[in-house]
Amino acid sequence: GGQHPLRHGLGFLGSGGSGTAFAQDGAIDVAEKIFRETHDAWLREMNDAERMKVVNNRLFDVLFFKKEFAETVNVCRQTVAVLEKSGPSQHLARLHHMLGEVYYKWSTEGRDGSPSDAAKLCTESFQQCEAIARRLSDYPNMLRAFNGLGNLYLARKDSTEALQNY
């Protein structure tokens with residue numbers, strides 16, 4: 001009958017799914033196509049309650065790998081807007097960490113299209129990741145956030161702040 005296509009094929013969103021498999025095999029463009037289709041369907045065709053059950057699309061990872069930073073930020077922010085409605089989660093912390101990573105690359109590599117306040121946005125993203133992770137006692141994401149902040153401060157030659165965050 002009217003089974004939603006994402007509900008029918010949830011496997012491709014998981015770690016054993018085809019998008020992930022293609023990415024692991026180096027078929028990045030194929031993985032991106034699969035992840036983009038599922039992300040777009042996730043945004044357009046599911047309500048918030050349904051979206052909360054399917055939050056592991058890895059489109060942002062593929063975009064980050066391809067150094068498509070503006071699009072990575074766009075996808076992360078779309079997903080953050082949905083996940084924030086249900087409160088703190090490991091997925092939400094992970095997205096803030098990914099935003100921090102993008103802004104870190106922009107602030108340290110000076111890529112075209114990078115915002116002038118990339119370092120500030122990087123700091124804020126890692127701090128948001130850490131705050132969410134702390135509320136959940138999610139130590140792996142807390143450590144990722146501190147490591148990200150340490151890397152940023154080290155890249156900015158602020159060794160005191162770097163040591164406090166590592």
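Residues numbered from 1 in each chain as written. Predicted model: local features only at pLDDT ≥ 70, side-chain atom pairs only at ≥ 80, totals over all residues. Heavy atoms only, no water.

Enquirer: Help me get a handle on the overall build of the protein chain, residues and values and all.
Expert: Of the regular secondary structure elements, the protein chain holds 10 helices and 0 strands. The secondary structure elements of the protein chain, listed N-terminal to C-terminal, are α-α-α-α-α-α-α-α-α-α. A buried classification covers 43% of the 166 residues belonging to the protein chain. Within the protein chain, contacts between residues at least 6 apart in sequence are counted, and of these 54% link residues at least 24 apart. On the protein chain, roughly 8,800 Å² of surface is accessible, and the fraction owed to carbon and sulfur atoms is 51%. (Helix = DSSP H or I, 4+ residues; strand = E, 2+ residues; numbered from the N terminus. Buried < 20%, exposed > 50% of the residue type's maximum accessible area, 1.4 Å probe, protein only. Contact = heavy atoms within 4.5 Å. Areas by Shrake-Rupley, 256 points an atom, 1.4 Å probe, with all protein chains shown as cover.)

Enquirer: Pulling in residues and values, what's your account of the packing of helix α8 (residues 118-136) against helix α9 (residues 139-155)?
Expert: Here α8 crosses α9 at 160°, and the two axes come no closer than 8 Å. Relative to α9, α8 is oriented roughly antiparallel. Handedness of the α8/α9 crossing: left-handed. Taken together, the residues of α9 that come into contact with α8 (itself represented by Ala 119, Cys 122, Thr 123, Phe 126, Gln 127, Cys 129, Glu 130, Ala 133 and Arg 134) are Asn 141, Met 142, Ala 145, Phe 146, Gly 148, Leu 149, Leu 152 and Tyr 153. Residue composition of the contact of α8 with α9, grouped by class: 11 nonpolar, 4 polar and 2 charged. (Axes fitted to C-alpha atoms, helices over the stretch in contact; angles between N-to-C directions. Parallel < 35°, antiparallel > 145°, perpendicular 65-115°, else oblique. Left-handed = near helix turned anticlockwise from the far one by under 90°. Nonpolar A, V, L, I, M, F, W, Y, C, P; charged D, E, K, R; others polar.)

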